[in-house]
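Here are the chains, one letter per residue:
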Amino acid sequence: MKIIADTGKCVGAGQCVLTEPELFDQSEEDGTVVVLNDTPEGELIEKAREAVNVCPSQALSLQE
Ligand code: SF4
């Protein structure tokens, strides 16, 4: 599984970071998402799914 982030869609809401700071961070320049680990394993897989669901701009998706 791989996390795909479309920074063009990201509005910098930070919901993904709040959901899992091990997987996501925000750019210091414009607040858009930075994926720290795009191939999560174990418990982080569920967190990645949660982050995709809470993102308000559908900027995150998963490649299964
Ligand atoms: S939750 Fe979505 S819009 Fe907000 S920072 Fe993360 S990817 Fe961007």
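As recorded in an unreviewed UniProt entry, the protein goes by the name Ferredoxin, listed as coming from Amycolatopsis sulphurea. Entered under Function (unreviewed entry) in the UniProt record, the comment concerning the protein runs "Ferredoxins are iron-sulfur proteins that transfer electrons in a wide variety of metabolic reactions." Taken from UniProt, the Cofactor (unreviewed entry) comment for the protein reads in full: "[3Fe-4S] cluster".

A. Structural view of the pattern of salt bridges. As enumerated under the stated definition, the model contains three salt bridges in all. Between Lys-2 and Asp-38 there is a salt bridge, with its nearest N and O atoms 3.6 Å apart. Of this pair, Lys-2 sits in strand S1 (residues 2-5) while Asp-38 is found in the loop between strand S3 (33-35) and helix H2 (43-54), placing the two residues 36 residues apart along the sequence. Between Glu-46 and Arg-49 there is a salt bridge; the shortest N-O distance is 3.7 Å. Of this pair, Glu-46 and Arg-49 are both found in helix H2, three residues apart, which corresponds to roughly one turn of the helix. Arg-49 sits in the partly exposed class, given a relative accessible area of 31%. Each of Glu-46, Arg-49 and Glu-64 takes part in one network of salt bridges that share partners.

B. Structural detail: the nonpolar core. With 13 residues, the main nonpolar core has Ile-3, Cys-16, Leu-23, Phe-24, Val-33, Ala-51 and Leu-60 as its most contacted residues. Only helix H1 (15-19) and H2 provide two or more residues apiece to this core. Element by element, the count of residues in this core is highest for H2, at three residues. Apart from the residues within four sequence positions on either side, Ile-3 is in contact with Leu-23, Phe-24, Val-35, Asn-37, Asp-38, Pro-40, Ala-48, Ser-61 and Leu-62.

Cut-offs used in this document
- Residues numbered from 1 in each chain as written.
- Predicted model: local features only at pLDDT ≥ 70, side-chain atom pairs only at ≥ 80, totals over all residues.
- Heavy atoms only, no water.
- UniProt positions renumbered as here; feature names shortened; annotations may be inferred.
- Salt bridge = Lys/Arg side-chain N within 4 Å of Asp/Glu carboxyl O.
- Helix = DSSP H or I, 4+ residues; strand = E, 2+ residues; numbered from the N terminus.
- Buried < 20%, exposed > 50% of the residue type's maximum accessible area, 1.4 Å probe, protein only.
- Core = buried A, V, L, I, M, F, W, Y, C linked by side-chain atoms within 4.5 Å.
- Contact = heavy atoms within 4.5 Å.

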